[in-house]
Structures are given as C-alpha cells and as structure tokens.
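Summary of the model geometry
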Amino acid sequence: MLGQILTAKGDFDAACRCLRTALSQGAEPVRIANALGAVAAARGQPAEALAHYQEALRADPASEEALYGAALACLDQDNAPEARRYLAEARQTDTTAVS
C-alpha cells in the first residue's frame, strides 16, 4: 500500500492524504484506520494512534493489528494496564497462540 511506503519514508502528510483518498474510494476501513494509526504512532502521536486503532476495532473487534497497535499506543502513554487489556484481547483472538 502506497500509504505504508510513504510512512516508511517519513512522508507522513503524504501518507495521510493517500490513505484518506483510498478510504474515499472504497478501501477497507479497518486497513485504513490501522494504517492511519501507524502513521500517528510514527509521528510520535500515541493518543491519535490509539483513536485510529479504536476506530478499527469498532469495525472489527478481532483485528489483531489494531489490538497490538492500541497496546503499543497505550504503552507510549504510560498506560500499562490498558495495554495489558489490549494484549489479552489479542491473545484471545490469536488462533495460532499456544497456551
């Protein structure tokens, strides 16, 4: 996805524009919300990242990418208890995890 390439290059504004355009053209909302979360995280904006990951989770509560992203955003905000909650949810949705 072009948005991810632009994020990796550090062109966050262009990545956001690209992702929002993709969303307006019918791209999968969960993928876009997760990608916008990654952009915000890369910008050092954990609160914004968390909001995007929560948006993805409203659309798909089992999105492992959103659950892990939300956990990292919580850790970046020094909220370990909430990060643990997201990780516990991710573990429950991960069918490949070994107990």
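The structure we're discussing is the one just above.
Residues numbered from 1 in each chain as written. Predicted model: local features only at pLDDT ≥ 70, side-chain atom pairs only at ≥ 80, totals over all residues. Heavy atoms only, no water.

This next bit is on the overall build of the protein chain. Summing up its helical and strand segments, the protein chain has six helices and zero strands in all. For the protein chain, the N- to C-terminal ordering of α and β elements is α-α-α-α-α-α. On C-alpha atoms alone, the protein chain measures out to a radius of gyration of 13 Å, which is about the 13 Å that the 2.2 N^0.38 rule sets for 99 residues. Taken along the three principal axes of its C-alpha coordinates, the protein chain extends 40 × 30 × 20 Å. By residue count, 37% of the 99 residues in the protein chain fall in the buried class. Sequence separation of 24 or more characterises 36% of the internal contacts of the protein chain that already satisfy a separation of 6 or more. Total accessible area on the protein chain is roughly 5800 Å²; 52% of this is exposed by carbon and sulfur atoms. Across the protein chain, the centroid of the 9 positively charged side chains sits 3 Å from that of the 13 negatively charged ones. (Helix = DSSP H or I, 4+ residues; strand = E, 2+ residues; numbered from the N terminus. Rg over C-alpha atoms; globule rule 2.2 N^0.38 Å. Buried < 20%, exposed > 50% of the residue type's maximum accessible area, 1.4 Å probe, protein only. Contact = heavy atoms within 4.5 Å. Areas by Shrake-Rupley, 256 points an atom, 1.4 Å probe, with all protein chains shown as cover. Lys, Arg positive; Asp, Glu negative; His and termini not counted. Charge placed at Lys NZ, Arg CZ, Asp CG, Glu CD.)

Evaluated as defined, the whole model comprises zero aromatic pairs. The ring of Tyr86 has Arg85 lying over it, and the distance from NZ or CZ to the ring centre is 4.4 Å. (Phe/Tyr/Trp six-rings, centres within 6.5 Å; stacked < 30°, edge-to-face > 60°. Lys NZ or Arg CZ within 6 Å of the ring centre and 35° of its normal.)

Bringing the pattern of salt bridges into the picture now. Enumeration over the complete set of coordinates arrives at three salt bridges. Linking Asp13 and Arg43 is a salt bridge whose minimum nitrogen-to-oxygen distance equals 2.3 Å. Taken as a pair, Asp13 in helix 2 (residues 12-24) and Arg43 in the loop between helix 3 (29-42) and helix 4 (46-59) lie far apart in primary sequence, 30 residues in all. The exposure class of Arg43 is partly exposed, given its relative accessible area of 30%. Two residues, Glu82 and Arg85, come together in a salt bridge whose shortest N-O distance is 2.7 Å. Taken as a pair, Glu82 and Arg85 lie in helix 6 (residues 80-93) at a separation of three residues, close to a single helical turn. Judged by relative accessible area, which is 24%, Glu82 ranks as partly exposed. Residue classification places Arg85 among the partly exposed positions, given a relative accessible area of 36%. (Salt bridge = Lys/Arg side-chain N within 4 Å of Asp/Glu carboxyl O.)

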